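Topology and contacts: notes
Letter by letter, the chains look like this.
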Amino acid sequence: MAVGGENSVLQNGGVGQANGACDHHIRRISLSYDSANSEESALELVLTIRPDWANPESNNVEFVRFTDGITNTLLKAVNKRPGLNKEEVDREAILLRAYGNGTDVIIDRLRETQNHELLMRHGLAPALLARFENGMMYRFIQGSPTLPEDLRKPVIYKAVAQRLAQWHAVVPCIKGRTGHSRKNSRADGPVTLDSNLGDAEFQNVIDNVAPGKPPPNVWTVMQKWIFALPTETEAQRARQAELQKELTALVSQLSQRPGLGVNGLVFAHCDLLSGNVIVLPETSQGVTNGDKATETVTFIDYEYATPSPAAFDLANHFAEWGGFDCDFSVLPTRAQRRNFIVEYIRAYFAHLEEKKPGASAGVDQKAEAERLLTEVDHFRGVPGFYWGIWALIQATISTIDFDYASYAETRLGEYYAWKNEVTGTRQKEGKEQPLRERRWAQEE
């Protein structure tokens, strides 16, 4: 991993400096996946890393398409060679992930690779086998992806809390520039928020949106997304300006709040929807919660992972209990959130103690759990803002069959409902409390 100050960063668990690419030993293939010629292009890619699969006597390569995500194309390549059972076939399986159209505007793909390698070093990600022009290939994780209803089961959500606590306590935040693919920079284009910014100024504005917080972080990501919003029409430019005002207010209100980690930031997943939570086979079980066994889970898809307040990562996960349909009636109650957070705090300080003996000495875990419960309440509206901006961009670039425009309005609606609640606007106007806010306030 070619990261400046790599050893000191990984040893001290703090914020280090990423001075270069960390994927120098990950194979780079000069080929692309073609959605119009899916199986043929996918097979060509897979055979570059498994040339033995081209042997006619053992070539039974098949592709299984996963449809849970709404950003990328995900294919599982298996070679059903004679004499192998399903478990043996899956052990050799390869996942091919092709990036969604135009998503470099949203996602820093170099940072994603760095994230994957960093997690590999901590035993929290499958082996990354190769990168290609518009995607990557990595080992298949044997297990079962959860559904939104699974996330609401104590045996699952306590396992998620344990694994997320491990991420936050163990994986260091790596400092570097916020990667972007600048979009609204043409001199002959419409006047936008960044029209008068040179490239260096543009980078500086993004990286310093939250003063004192090393980039990249969840705040810098939202800033670069706002700069990438569509601005072809007057209405779109007005929307961009409105969302910029809201981000400025959010940063002022929330970015300097105290929290776990270094400088109030932890290495966060930031996309912990059900399809990214994998329940491992029973042979991998063994994590316990007191005297009660839980499932064991792991996480996949690290393209949105970035330093973030722990409270954001938890609030974002809780929003996913309702799935892509945004069923607010099944979001976690206060009691469910507390149960999750109590387990999270227990696991967080256990991992911290393991990494640095004495680090958790004197910690009042009950008080820490209550403090984090309150912080998650403060952040409950931010995931709607985050994914609302994201969906407005996706609505203009994605070729995936999903109604991003409607999704954007639903998610931004969550944010404005939260804002109206905390500012007292809803109460002053005599309006009924929205379902999401009612559910969030529900105790049991």
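Above this text sits the structure in question.
Structural notes, computed from the coordinates. (Residues numbered from 1 in each chain as written. Predicted model: local features only at pLDDT ≥ 70, side-chain atom pairs only at ≥ 80, totals over all residues. Heavy atoms only, no water.)

Thoughts on the overall build of the chain
Each helix and strand in the chain was counted, giving 16 helices and 15 strands. The long-range share in the chain, meaning contacts at least 24 apart out of those at least 6 apart in sequence, stands at 72%. (Helix = DSSP H or I, 4+ residues; strand = E, 2+ residues; numbered from the N terminus. Contact = heavy atoms within 4.5 Å.)

Side note on empty space enclosed by the protein
The tally for this structure, following the rule as stated, stands at six cavities of 30 Å³ or more. Estimates place the volume of the largest cavity at around 150 Å³. What lines the largest cavity is a set of 17 residues, and nearest its centre among them are D108, R111, V221, K224 and E303. Contributions of two or more residues to the lining of the largest cavity are made by α4 (109-121) and α8 (218-227). Among the elements that line the lining of the largest cavity, the one with the most residues is α8, at three residues. Here the residues of the lining of the largest cavity sort into eight nonpolar, four polar and five charged. (1 Å grid on protein atoms, 1.4 Å probe; cavity = no way out; pocket = protein on both sides within 12 Å on 5 of 7 lines; lining within 4 Å. Points joined across faces, edges and corners; volume = space filled by probe spheres on them. Nonpolar A, V, L, I, M, F, W, Y, C, P; charged D, E, K, R; others polar.)

With respect to the sheet that holds strand β8 (residues 144-145)
With respect to topology, three strands assemble into an open sheet ordered β8-β11-β14, the strand pairing being antiparallel. Where the open sheet ends on each side, the last strands, each with one partner, are β8 and β14 (297-299). Bridging between β8 and strand β11 (residues 277-279) involves two bridges; their strand directions are antiparallel. Residue pairing for β11: S144 is matched across the bridge by V279. Running over the sheet, helix α6 (residues 154-170) touches β11 and β14 and is turned about 50 degrees from β14. (Pairing = 2+ DSSP bridges. Axes fitted to C-alpha atoms, helices over the stretch in contact; angles between N-to-C directions.)

What to know about the environment of H122
Within the fold, H122 resides in the loop between α4 and β6 (128-132). As a C-alpha pair, H122 and V170 span 48 residues in sequence and 7.9 Å in three-dimensional space.

Here we look at the packing of aromatic side chains
For the structure on display, the rule yields 27 aromatic pairs. Residues W167 and F267 carry aromatic rings whose centres are separated by 5.6 Å and whose planes lie at 40 degrees to one another, so their mutual orientation is tilted. With a gap of 100 residues between them, W167 in helix α6 and F267 in strand β10 (residues 266-268) connect regions that are remote in the sequence. The class of F267 is buried, set by a relative accessible area of 3%. Between F402 and Y407 the ring centres are 5.5 Å apart and the planes differ by 70 degrees, which places this aromatic pair in the edge-to-face class. Ring-pair connections join several aromatic residues into one group, and the members of that group are W225, Y304, F312, F324, Y386, W387, W390, F402, Y404 and Y407. Over the ring of Y99 we find R109; its NZ or CZ atom is 3.6 Å from the centre of that ring. The lysine or arginine in question, R337, covers the ring of W440, its NZ or CZ lying 3.9 Å from the ring centre. (Phe/Tyr/Trp six-rings, centres within 6.5 Å; stacked < 30°, edge-to-face > 60°. Buried < 20%, exposed > 50% of the residue type's maximum accessible area, 1.4 Å probe, protein only. Lys NZ or Arg CZ within 6 Å of the ring centre and 35° of its normal.)

Details of the layout of surface pockets
Its volume calculated, the largest pocket comes out at about 910 Å³. Together, 45 residues line the largest pocket, and T71, N72, T73, L74 and A98 are the ones closest to its centre. Only β3 (61-66), β4 (73-79), β5 (94-98) and α13 (382-397) provide two or more residues apiece to the lining of the largest pocket. In terms of residues, the lining of the largest pocket owes the most to one element, β5, which gives three residues. Grouping the constituent residues of the lining of the largest pocket by class yields 19 nonpolar, 15 polar and 11 charged.

Thoughts on the pairing of β6
Burial analysis of β6 places four of its five residues in the buried class, which makes it a mostly covered element. Two elements, strand β2 (residues 27-29) and β6, share three bridges in a ladder whose sense is parallel. By the bridge assignment, I29 is partnered in β6 with F132. In this sheet, strand β7 (residues 135-139) lies alongside β6 in antiparallel orientation, the contact comprising four bridges. Considered in β7, the bridge of R131 is made with M136.

Focus: the side chain of E112
For E112, the position within the fold is in helix α4. The class for E112 is buried, based on a relative accessible area of 1%. Polar contacts involving the side chain of E112 include one to the side chain of R97, which spans 2.2 Å. What E112 contacts, discounting residues up to four positions off in sequence, is R97, Y99, I107, M136, Y302 and E303. (Polar contact = N/O pair within 3.5 Å; in protein donor to acceptor, adjacent residues only side chain to side chain.)

A short note on the packing of α13 against helix α14 (residues 404-422)
Packing of α13 against α14 leaves a shortest axis separation of 7 Å and a crossing angle of 160 degrees. As judged from the angle between their axes, α13 and α14 are roughly antiparallel. In terms of crossing hand, the pair formed by α13 and α14 is left-handed. Listed contacts from α14 to P383, G384, F385, W387, G388, I389, W390, A391, L392, Q394 and A395 of α13 are Y404, A405, Y407, A408, E409, R411, L412, E414 and Y415. Looking at side-chain class alone, the contact of α13 with α14 contains 14 nonpolar, three polar and three charged residues. (Parallel < 35°, antiparallel > 145°, perpendicular 65-115°, else oblique. Left-handed = near helix turned anticlockwise from the far one by under 90°.)

Quick word on the pattern of salt bridges
Under the definition given, this model contains 30 salt bridges. In this structure, a network of salt bridges that share partners links the residues R334, R337, R338, E370, D377 and E443. (Salt bridge = Lys/Arg side-chain N within 4 Å of Asp/Glu carboxyl O.)

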